[in-house]
Number of protein chains: 2
Amino acid sequence: MTEKPVRTGKVSLAEVARAAGVSKMTASRVLRGEGGYSDKTRDKVMAKVDLLGYLPNRLATAFAGGTTSTFVGVSIPDLGNEVFAQVLEGIDRKLGSFGYQTVLGLTQHTAEEEESWIRTVLSWQPAGLIITGRSHAPNAIDLLKNAGLPVVEIWDLNSSPLDTSVGINHYDSGFEMGRYLSGLGYRALGYVGTWHNTANAASARLDGFCKAVLDGGGTVERQFCLNDTASYYPGYYGTEQLLASGTSVECIFYQNDAMAFGGLQYCRSIGLEAPADIGIAGWGDMPIAAVLPARLTSIHVPHIRLGQVAAEAMIARLSGEPFETARNVGFHLIPGSSVRRVAG
Amino acid sequence: MTEKPVRTGKVSLAEVARAAGVSKMTASRVLRGEGGYSDKTRDKVMAKVDLLGYLPNRLATAFAGGTTSTFVGVSIPDLGNEVFAQVLEGIDRKLGSFGYQTVLGLTQHTAEEEESWIRTVLSWQPAGLIITGRSHAPNAIDLLKNAGLPVVEIWDLNSSPLDTSVGINHYDSGFEMGRYLSGLGYRALGYVGTWHNTANAASARLDGFCKAVLDGGGTVERQFCLNDTASYYPGYYGTEQLLASGTSVECIFYQNDAMAFGGLQYCRSIGLEAPADIGIAGWGDMPIAAVLPARLTSIHVPHIRLGQVAAEAMIARLSGEPFETARNVGFHLIPGSSVRRVAG
DNA sequence: AAGCACAAAGTTACCGGTAACGTAGATCTC
DNA sequence: GAGATCTACGTTACCGGTAACTTTGTGCTT
């Protein structure tokens, strides 16, 4: 049995200090580079750190100092929707580069899941929370207010947020799409999206869209896929349902590009081509749009950037630096060629 | 100035106990439902918990009891690749339902990022770690071994893992695709993927693929997109590069379905249709495949289930229950109609 | 050579819970 | 009715760090 040079199991600061022949406090100072020790002492301590494979216990540090942890709780509805995955990627990369860790929570689009997650994650004394959406359970709001930590609400811009909001105005983006399609002459419009029992950004888009279409004298036929992820197949299936409902539709607006692509494929499968036979509009300018032969009419949103800005907002709040109450990262309409001008 | 009923800021167990007129220990017992207190005492304590809005400090609990935390570190290369997003979703949902929290780490496909993340996350005393891939930095391996906690390596099945492995045999999946395409008569094959400076599952697939193709007397022309996310556009662009290289290629195997779709679109843009003019094969059976007019030849992998099983493995290890050293969740080839039988 | 400033340590107490053990009073047993 | 047992608590110590304070030693002034 040969003795291993590196110890298994936990090595505490006290053991390092004992091995180096100094006090815990001196070892602590060395490890934090705080100063107040000689070069010789530093070398002695660091040598033992390496030898013993010491890993600091951040739990103890966070707990002891009253200094907050480096956790940031991030809640996202689901990851099946590429858009949210990108936002999360933007957040985690930026947070990570500043030494913070993302504690993930998938809320499945329900306020109850969100509340329960908030309760749990708060009990871990996070530095702050980034949560998706602006509508929360009343209890959740109380929890967040009482916690007294930075809260960044993302996605749907909230001009009077709990703390800080980063996102875009989804209502406006829907409205702009509605106005654009109305302007092209479309009157009989359709909408295909998913439905979760929550007021969310997608429903805000739909509201804005309907307002613009109705203002223009048109109508909107809606089709929802219940409790589904806003991905390709629900777009395909939802379109089938919508077209089977009997009402004639000249142009369909989808919850996002993935659903729009699914819809495009369904239309093609029954011999309808866009934009000749039917108009197709998506939302989000998702990666797939870049490879389609005809540019998909959509709304461009800087997803990754949105995540990064949310993380920057969190870091600013944690450093005590100022940050706007509401930061709009903006969107713009991409006309595309999956719709066309039609006779009013 | 009206007094608010609910206190802001932190309320400690000691304060609750004092308010209820009992000792900290009794309050602690009530909160944990451990027994050893009267109904009257329970009610008194719970009333104060509600009144003061007490939230337990799990940091202190985890720190104190020596009981491990409920954090599970999960490292994933990136989220731009839908496949990983789905795996993560499977993991987080399952972990969450057992009361564990996911601490996310995006390693950007580099062993250095992974090592630095492992070091950081270990210092938070997680209950366990789920990490993607089987090749790690030597230091990272030491860290994991010394940490003495459950480690589940996912994605690329490892028959002699650090601890537990959950995944599929990527080499075999590539081999099977290679054999299938060879069997159809394809000899001049192409591969389009991304390249990161790490031995990863995708390169194992390519190795298996090449072996099978070479065994069948064929050749493989490779095209890599450096440091890119395996998504639609790199597939499009990589195909352009491959076809521009001059060598003639009858059929292209892609790193995944998203890239295959990108490739399909590029081919179409230059007048090549699959399977008539060129064969196209993907990998992963991603959501988009469900809405394409011609079934994409691919390898089906149960992504979400893989994540769930990984989480189950972790939970089993944490509960001290047995779990296989290596659990193969399996794959199967989907013949599809984006390839065809050709003259040998 | 006494006095002082400062560098380089060590000591003590504490963060918020929980394990382990102690104890007073009620109930049971024979 | 004395001892045994049980219930319902309270006390103490500790987890692994760090803040705040104290002590020791060294060199420099004057």
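This text follows the structure it describes.
The following paragraphs examine the structure supplied in this document.

Conventions we followed
- Residues numbered from 1 in each chain as written.
- Chains lettered and ligands numbered in written order.
- Predicted model: local features only at pLDDT ≥ 70, side-chain atom pairs only at ≥ 80, totals over all residues.
- Helix = DSSP H or I, 4+ residues; strand = E, 2+ residues; numbered from the N terminus.
- Rg over C-alpha atoms; globule rule 2.2 N^0.38 Å.
- Buried ≥ 20, exposed ≤ 12 C-beta atoms within 10 Å, placed from the backbone.
- Contact = placed C-beta atoms within 7 Å.
- Pairing = 2+ DSSP bridges.
- Axes fitted to C-alpha atoms, helices over the stretch in contact; angles between N-to-C directions.
- Near = placed C-beta within 6 Å.
- Nonpolar A, V, L, I, M, F, W, Y, C, P; charged D, E, K, R; others polar.
- Least-squares fit on C-alpha atoms with pLDDT ≥ 70 in both.
- Parallel < 35°, antiparallel > 145°, perpendicular 65-115°, else oblique.
- Left-handed = near helix turned anticlockwise from the far one by under 90°.
- Right-handed = clockwise from strand over helix to strand, strands pointing away.
- Expected span 1.5 Å × (residues − 1).
- Core = buried A, V, L, I, M, F, W, Y, C linked by C-beta atoms within 7 Å.

## With respect to the overall build of chain A
Counting secondary structure elements, chain A contains 12 helices and 12 strands. Expected size for 344 residues packed as a compact globule is a radius of gyration near 20 Å; at 26 Å, chain A overshoots this value by more than 25%. Summarising its shape, the C-alpha atoms of chain A cover approximately 90 × 50 × 30 Å along the three principal directions. Here chain A holds 344 residues, and 53% of them are scored as buried. At a minimum sequence separation of 6, the contacts of chain A that also span at least 24 residues come to 72%.

## Details of the sheet that holds strand β8 (residues 251-254) of chain B
Residues and elements named next belong to chain B. Sheet architecture is open: 4 strands sit in the order β7-β6-β8-β9, paired in parallel fashion. Both outer strands of the open sheet, β7 (219-226) and β9 (279-281), are each paired with one neighbouring strand and no more. Each neighbouring strand pair of the sheet contributes to a mean axis angle of 20°, computed without reference to strand direction. Of the pairings in the sheet, the one linking strand β6 (residues 188-195) to β7 comprises 8 bridges and is parallel in character. Bridged to Leu-189 within β7 is Val-220.

## A look at the protein's contact with DNA strand C
Near DNA strand C lie 25 residues; those nearest to it are Ser23(A), Thr41(A), Leu13(B), Ser28(B) and Ala64(B). When contributions to the surface near DNA strand C are tallied by element, the ones reaching two or more residues are α2 (24-32) and α4 (58-65) of chain A together with α2 (24-32) and α4 (58-65) of chain B. Counting residues per element, the surface near DNA strand C draws most heavily on α4(B), at 5 residues. The class makeup of the residues in the surface near DNA strand C is 11 nonpolar, 11 polar and 3 charged.

## Considering the relation of the copies chain B and chain A
Each copy of the sequence occupies a distinct position, and chain B is placed on chain A by a rotation of 180° and an axial shift of 0.0 Å, giving an RMSD of 0.1 Å. Taken together, the rotation angle and the small translation identify this as a two-fold axis. Among all residues of chain B, the one whose C-alpha sits closest to the rotation axis is Val103(B), at a distance of 2.2 Å. Comparing contact sets, 98% of the residues at the interface of chain B also lie at the interface in chain A, consistent with an isologous, same-surface contact.

## A look at the interface of chain B and chain A
Taken together, the contact pairs 51 residues of chain B with 50 residues of chain A. A per-element tally of the side of chain B that touches chain A places helix α5 (residues 82-97) of chain B first, with 7 residues. Looking at the side of chain B that touches chain A residue by residue, the classes come out as 25 nonpolar, 18 polar and 8 charged. When strand β2 (residues 101-106) of chain A meets strand β2 (residues 101-106) of chain B, the two strands line up antiparallel, connected through 3 bridges. Within β2(B), the position partnered with Val103(A) by the bridge is Val103(B).

## So, the protein's contact with DNA strand D
Around DNA strand D, the surrounding shell holds 25 residues, and the nearest of these are Leu13(A), Ser28(A), Ala64(A), Ser23(B) and Ser38(B). Sorting the residues of the surface near DNA strand D by element identifies α2 and α4 of chain A together with α2 and α4 of chain B as the ones contributing at least two each. Top contributing element to the surface near DNA strand D by residue count: α4(A), with 5 residues. For the surface near DNA strand D, a count of residues per class yields 11 nonpolar, 11 polar and 3 charged.

## A short note on the environment of Ala281(A)
Residues and elements named next belong to chain A. With respect to the element layout, Ala-281 can be found in strand β9 (residues 279-281). You can call Ala-281 buried: it has 31 C-beta atoms within 10 Å. For Ala-281 and Tyr-254, which are 27 residues apart along the polypeptide, the C-alpha to C-alpha distance reads 6.2 Å. When near neighbours in sequence (up to four residues on either side) are disregarded, Ala-281 contacts Met-177, Leu-181, Cys-251, Phe-253, Tyr-254, Ala-260, Thr-297, Ser-298, Ser-338 and Val-339.

## Focus on the packing of helix α5 (residues 82-97) of chain A against helix α12 (residues 303-318) of chain A
The relative placement of two packed helices comes down to the angle between their axes together with the axis-to-axis distance. All names here are of chain A. Between α5 and α12, the shortest axis-to-axis distance is 7 Å and the interhelical angle comes to 40°. Viewed along their axes, α5 and α12 adopt a mutual orientation that is oblique. Between α5 and α12 lies a crossing whose hand is right-handed. On α12, the residues touching Val-83, Gln-86, Val-87, Leu-88, Glu-89, Gly-90, Ile-91, Lys-94 and Leu-95 of α5 are His-303, Ile-304, Arg-305, Leu-306, Gly-307, Gln-308, Ala-310, Ala-311 and Glu-312. Residues belonging to the contact of α5 with α12 are distributed by class as follows: 9 nonpolar, 5 polar and 4 charged.

## Looking at the packing of helix α8 (residues 170-183) of chain A against helix α9 (residues 201-215) of chain A
All names here are of chain A. Interhelical geometry of α8 versus α9 gives an angle of 35° and a closest axis separation of 6 Å. Where α8 crosses over α9, the two elements pack in a sense that is right-handed. Judged by residue contacts, His-170, Tyr-171, Asp-172, Ser-173, Gly-174, Phe-175, Met-177, Gly-178, Arg-179 and Ser-182 of α8 engage Ala-201, Ala-204, Arg-205, Leu-206, Asp-207, Gly-208, Phe-209, Cys-210, Lys-211, Ala-212 and Val-213 from α9. Broken down by class, the residue content of the contact of α8 with α9 amounts to 10 nonpolar, 6 polar and 5 charged.

## A short note on the environment of Leu292(A)
Residues and elements named next belong to chain A. In this fold, Leu-292 is placed in the loop between β9 and β10 (298-300). Judged by the 20 C-beta atoms lying within 10 Å of it, Leu-292 falls in the buried class. Each C-alpha atom of the pair Leu-292 and Phe-261 lies 9.2 Å from the other, and the pair is 31 residues apart in sequence.

## Considering the sheet that holds strand β6 (residues 188-195) of chain A
Residues and elements named next belong to chain A. Pairing within the open sheet is parallel, and its 4 strands lie in the order β7-β6-β8-β9. The strands lining the two open edges of the sheet, one partner per strand, are β7 (219-226) and β9. Neighbour-to-neighbour, the strand axes of the sheet open up by a mean angle of 20°, direction not taken into account. Across the sheet, α9 touches β6, β7 and β8 (251-254), and the angle it forms with β6 is around 170°.

## With respect to the pairing of β2(B)
All names here are of chain B. Taken across its 6 residues, β2 has 6 buried, putting it largely inside the fold. Where strand β1 (residues 71-76) lies against β2, 6 bridges are found, and the strand directions are parallel. Along β2, the bridge assignment pairs Ser-75 with Gly-105. Crossover β1 to β2 through α5 is right-handed.

## Some details on α5(B)
Residue and element names in this part refer to chain B. Along its 16 residues, α5 runs 23 Å from first to last C-alpha, staying within 8% of the 22 Å computed at 1.5 Å per residue. Of all 16 residues in α5, 14 are buried, a share of seventy percent or more. Of the residues flanking the end of α5, it is Gly-99, one or two places downstream, whose phi is positive at about 85°.

## So, the nonpolar core
Val72(A), Ile130(A), Ile252(A), Ala310(A), Ile130(B), Ile252(B) and Ala310(B) are the most contacted members of the largest nonpolar core, which totals 190 residues. Other than its neighbours up to four places away in sequence, Ala310(A) contacts Ile91(A), Ile130(A), Val152(A), Ile154(A) and Val166(A).

## Quick look at unusual backbone geometry
Apart from glycine, the bulk of residues carry a negative phi angle, and the bulk of peptide bonds sit in the trans form. Residue and element names in this part refer to chain A. Geometrically, the link from Ala-274 to Pro-275 is a cis peptide bond, its omega value of 5° lying close to zero. One can find Pro-275 in the loop between α11 (257-269) and β9. With a phi close to 55°, Gln-125 is a non-glycine residue in the positive phi region. Within the chain, Asn-227 stands out as a residue other than glycine whose phi angle is a positive 50°.

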